Amino acid sequence: MSTRLTVAQALVRFLSVQFTERDGVRHRTVAGTWGIFGHGNVAGVGQALLEAGPGAMPYHQGRNEQAMVHAAVGYARTRHGLSTMACTTSIGPGATNLVTGAALATVNRVPVLLLPGDVFATRPADPVLQQLEVPWAYDVTVNDALRPVSRYFDRIWRPEMLPASLLQAMRALTDPVATGAVTLALPQDVQAEAYDWPDELFRERVWHVRRPVPDAAALAEAAALLRGARRPLIVAGGGVRISEAAPALAELATATGIPVAETQAGKGSLPWDHPLALGGIGHTGSAPADAAARAADAVLGVGTRWTDFTTASGSLFAPDARFVSLNAASFDGHKMAGLALVGDARAGLTALTTELTGHQAPPAAYDTAGWRAVTEAAFGDGSGDGPPSQSEVIGALDAVLHERDVLVNAAGSMPGDLHKLWRSRDVEQYHVEYGFSCMGYEIPAAIGVRLAAPDREVFALVGDGTYLMLPTEVVTAVQEGVPINVVIVQNHGYASIGGLSQQVGAERFGTAYRFRAPDGSFTGEPLPVDLAANAASLGLEVFTATTAKELRAALTAARESPRPTAVHVVTDPDRPGPPAEAWWDVPVAEVSTHPATREARTAYDGARPTPHTRPRL
Ligand SMILES: Cc1ncc(C[n+]2csc(CCOP(=O)(O)OP(=O)(O)O)c2C)c(N)n1
Ligand SMILES: [Mg+2]
């Protein structure tokens, strides 16, 4: 038996009956489709979505294709990668706008399905509007730019190609190791072409997500290493959340007394006040976590990619510290010249807890009380009557947010301050995207989080630079009545990069939002942009705060409002958060005519830790 449908209709019908299952719970693999239409998809996927109806495939209108991918990532991360969304675009610019979102998804190993339109397969009249022409390779289109940032890519030149490619796309979407952006480029004419599809294509499929247990010999070796350690440390990464392994992590830590430090993606794996929680690790880490890292002789990483922020650019851990990496991806498991435990985080942690039965790590005291005092001082008591510092903004959020509320952030100076200071109470609360640290992720991702978890209040924390880069999905939140709260932190420019610029002797060049001064530099008065008015003009209910006290009231009002809101606050740039506890390598110009650069280079040469190689296990 067969059914005659267009390629786009067959695609949508197929997607509407795909399910992911883990631990016996089923999820719609692709729960909805974001889309912006143009000639490259309006008659194909657009018509197919109309034909399918919202019951089979819910549709969400985007404003910017990059933001649609961020929304899908926010959704998928909240659903632990077990359910995601698709994004349909036209050809040309609509398709290339996907590239940044695709890279973000792939870097963070979060599944998203991208369906860019593509040039005519039948070539009745090249070039079609918006077609790139490459004289030396006639089959290259702009969608080839998506290849390096996709974990699976195919172009469906003929209807017959679709079924096998769909199965591969589902494989990539539902495999925690292989996942990321999954791209099916769909030539415009092929989308609308009819074909007789075998009914088998449209039967319900369930994609089982396995929990592979690491190899027994490797587990025994890891347990022996941890048993022999004087100062063991666990580093929890994003894999803990994806695998829903937080309870298993708490069990291992509690059973053995091994303390836990957290990467950006892993923050919140333990509640902040758990007796063994040391907080964030690395360049933006807490003092106790970084002290534990420096002292550690054996480190168990769980679901971490060991990025430069985590390792303080390779300088944090002792040269002879030995590493075990429990990771679903063998690639990450084999980093740090360590022992790889390749497998699911939850299964691996549970197996390690069994292997380590009866073992107690030697007691070690790290100054978590001291760090609590640092945090409380930075948070302030909310009584200040001047502009709050950024730490006080975080303190106000700490005071106002409820346990299950979610904080979304990605770039600027806030991820660092949050990693240091935020007190995560629920494992989903800290939603900071720092794999790609992409300005503009916050607002659309907050919509995705809220769609995935309608019972949670969501706060997107954005700097003024970030807001100006991608505020567009605010309109989507208003249109669909998704009551996210956007907290706009105004400091008149790229404060984070301004600080870094000063540190590397680049004199804050090009980092402030100010008028040009007579000497041509941007050091004049701050620009008179009114982001609160801008947010109101897009349809948000806006609360403004000029003091720490007003900020708490504004955040509370925003939280209670049933509408999407913005809270606008201007911060005091002269009271930065606690300084970095560890190094981050940003090389300074080796030669310069500028005295500031030369001084910065001397400081850099003096401070740069000696690189070391790690011993192999
Ligand atoms: C898309 C993108 N472009 C550039 C950067 C580099 N970058 C990191 S932080 C930052 C400035 C962010 O400004 P703002 O949102 O105002 O936050 P602030 O630094 O003031 O806290 C820039 C340009 C980035 N992370 N993402
Ligand atoms: Mg700013």
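Coordinates for the structure precede this section.
Residues numbered from 1 in each chain as written. Chains lettered and ligands numbered in written order. Predicted model: local features only at pLDDT ≥ 70, side-chain atom pairs only at ≥ 80, totals over all residues. Heavy atoms only, no water.

Peer 1: When you look at the side chain of Asp-426 in this model, what are you seeing that I'm missing?
Peer 2: On the secondary structure map, Asp-426 appears in the loop between α17 (414-421) and β19 (430-432). In this structure Asp-426 comes out as buried when scored by relative accessible area, which is 13%. Within the structure, the side chain of Asp-426 is placed 2.8 Å from the backbone nitrogen of Glu-428, a separation counted as a polar contact. In this structure the side chain of Asp-426 is engaged in a polar contact, spanning 3.1 Å, whose partner is the side chain of Arg-456. Not counting chain neighbours up to four residues away, the residues in contact with Asp-426 comprise Gly-268, Glu-403, Arg-404 and Arg-456. (Helix = DSSP H or I, 4+ residues; strand = E, 2+ residues; numbered from the N terminus. Buried < 20%, exposed > 50% of the residue type's maximum accessible area, 1.4 Å probe, protein only. Polar contact = N/O pair within 3.5 Å; in protein donor to acceptor, adjacent residues only side chain to side chain. Contact = heavy atoms within 4.5 Å.)

Peer 1: Where do I start with the pattern of salt bridges in this structure?
Peer 2: Once their charged atoms are close, side chains differing in charge can pair, the charge on each being opposite to the other. Per the counting criterion, the structure on display carries 26 salt bridges. Asp-344 serves as the salt-bridge partner of Arg-211, at 3.0 Å between the closest nitrogen and oxygen. With Arg-211 in the loop between β11 (205-208) and α8 (216-227) and Asp-344 in the loop between β17 (339-342) and α14 (345-355), this pair connects stretches of sequence that are 133 residues apart. Of the two residues, Arg-211 and Asp-344, neither departs from the other in class, the shared state being buried. Here Asp-426 makes a salt bridge to Arg-456, at a shortest N to O gap of 3.1 Å. Here Asp-426 is found in the loop between α17 and β19, whereas its partner Arg-456 is found in the loop between α18 (442-452) and β20 (458-463), with 30 residues between them in sequence. Members of the salt-bridge network, linked through shared partners, are Asp-23, Arg-211, Asp-344 and Arg-346. (Salt bridge = Lys/Arg side-chain N within 4 Å of Asp/Glu carboxyl O.)

Peer 1: Can you walk me through the site of ligand 1 in this structure?
Peer 2: Among the 16 residues in the neighbourhood of ligand 1, the closest are listed as Ser-413, Asp-464, Gly-465, Thr-466 and Ser-496. Within the side chain of Asp-464, a nitrogen or oxygen atom sits 2.8 Å from an oxygen atom of ligand 1. Taking Ser-496, its side chain carries an N or O atom lying 2.6 Å from an oxygen atom of ligand 1. For ligand 1, whose unbound accessible area comes to 580 Å², protein coverage reaches 78%. Of all the elements in the fold, those that place two or more residues in the shell around ligand 1 are α19 (464-469) and α21 (495-503). With four residues, α19 is the single largest residue contributor to the shell around ligand 1. Here the residues of the shell around ligand 1 are counted per class, giving six nonpolar, nine polar and one charged. (Near = heavy atom within 4 Å. Areas by Shrake-Rupley, 256 points an atom, 1.4 Å probe, with all protein chains shown as cover. Nonpolar A, V, L, I, M, F, W, Y, C, P; charged D, E, K, R; others polar.)

Peer 1: Mind showing me how you'd approach the sheet that holds β11 here?
Peer 2: Within a beta sheet, neighbouring strands are joined by backbone hydrogen bonds and run either parallel or antiparallel to one another. With mixed pairing, the three strands of this open sheet are ordered in space as β3-β2-β11. Sheet topology places β3 (25-28) and β11 at the edges, where each strand pairs with a single neighbour. Adjacent strand axes in the sheet meet at a mean angle of 35° when their direction is disregarded. Two elements, strand β2 (residues 18-22) and β3, share four bridges in a ladder whose sense is antiparallel. Paired with Thr-20 across the two strands is His-27, which belongs to β3. In the packing of helix α6 (residues 162-174) onto the sheet, the strands contacted are β2 and β11, and the crossing angle to β11 comes to about 40°. (Pairing = 2+ DSSP bridges. Axes fitted to C-alpha atoms, helices over the stretch in contact; angles between N-to-C directions.)

Peer 1: Is there a simple way to explain the coordination of the magnesium ion (ligand 2) in this structure?
Peer 2: Any two of four tetrahedral donors ideally make an angle of 109.5 degrees at the metal, while pairs among six octahedral donors ideally make 90 or 180 degrees. Surrounding the magnesium ion (ligand 2) are the protein donor atoms Asp-464 (OD), Asn-491 (OD1) and Gly-493 (O), at 2.0 to 2.1 Å. Site description for the magnesium ion (ligand 2): donor spacing in sequence, D-x26-N-x1-G. (Donors = N, O, S within 2.8 Å, 3.2 Å for Na, K, Ca; no water.)

Peer 1: Where do I start with a nonpolar patch on the surface in this structure?
Peer 2: A cluster of nonpolar side chains, contributed by Phe-37, Val-42 and Tyr-59, occupies part of the molecular surface with about 240 Å² of accessible area. When you line up the elements, Val-42 lands in helix α2 (residues 42-56). Given a relative accessible area of 44%, Val-42 falls into the partly exposed group. (Patch = residues over 30% accessible without salt bridge, like charges linked within 9 Å, V, L, I, M, F, W, Y side chains within 5 Å.)

Peer 1: I keep staring at helix α10 (residues 246-256) and nothing clicks. Help me out?
Peer 2: Because an α-helix packs 3.6 residues into every turn, residues spaced three or four apart end up facing the same way. Listed as buried for α10 are Ala-246, Ala-248, Leu-249, Ala-250, Leu-252, Ala-253 and Thr-256. Tucked inside the fold, the buried residues of α10 contact β12 (232-236), α9 (238-242), β13 (260-262), β15 (298-302) and α14.

Peer 1: So what exactly am I meant to see when it comes to unusual backbone geometry here?
Peer 2: The step from Asp-126 to Pro-127 runs through a cis peptide bond, and the omega angle for that step is -5°. Among the structural elements, Pro-127 can be located in the loop between β7 (112-118) and β8 (152-155). Positive phi, close to 55°, is recorded for Asp-23, a residue that is not glycine. Tracing the backbone shows Asp-23 in the loop between β2 and β3. When its relative accessible area of 41% is taken as the criterion, Asp-23 is described as partly exposed.

Peer 1: Sorry, what's going on with the sheet that holds β15 here?
Peer 2: Ordered by their spatial adjacency, six strands build an open sheet running β14-β13-β12-β15-β16-β17, and the pairing between neighbours is parallel. With partners counted over all chains shown, the strands left at the sheet margins are β14 (277-280) and β17, one partner each. Strand-to-strand twist in this sheet, taken as the mean axis angle between neighbours without regard to direction, amounts to 20°. Sheet topology places strand β16 (residues 322-327) next to β17; four bridges connect them, and they run parallel.

Peer 1: Looking at this structure, how should I read the packing of aromatic side chains?
Peer 2: Two measures describe an aromatic ring pair: the distance that separates the ring centres and the angle between the ring planes. Evaluation of the coordinates by the stated rule reveals nine aromatic pairs. Ring centres of Phe-309 and Tyr-434 lie 5.1 Å apart, and the angle between their planes is 80°; this geometry places the pair in the edge-to-face category. Remark: Tyr-434 occurs in the loop between β19 and α18 and Phe-309 occurs in helix α12 (residues 308-311); sequence separation between them is 125 residues. Judged by relative accessible area, Tyr-434 falls into the partly exposed class, the value being 22%. Both rings, one in Phe-309 and one in Trp-584, keep their centres 4.5 Å apart while their planes meet at 55°; by these two values the pair is tilted. Here Phe-309 is found in helix α12, whereas its partner Trp-584 is found in the loop between β23 (565-570) and α24 (595-607), with 275 residues between them in sequence. Taken together, the ring pairs in this structure connect Trp-306, Phe-317 and Phe-323 into an aromatic cluster. In this structure, Arg-13 packs its charged tip against the face of Phe-202, placed 5.5 Å from the ring centre. Across from the ring centre of Tyr-430, 5.6 Å away, lies the NZ or CZ of Lys-267, which sits over that ring. (Phe/Tyr/Trp six-rings, centres within 6.5 Å; stacked < 30°, edge-to-face > 60°. Lys NZ or Arg CZ within 6 Å of the ring centre and 35° of its normal.)

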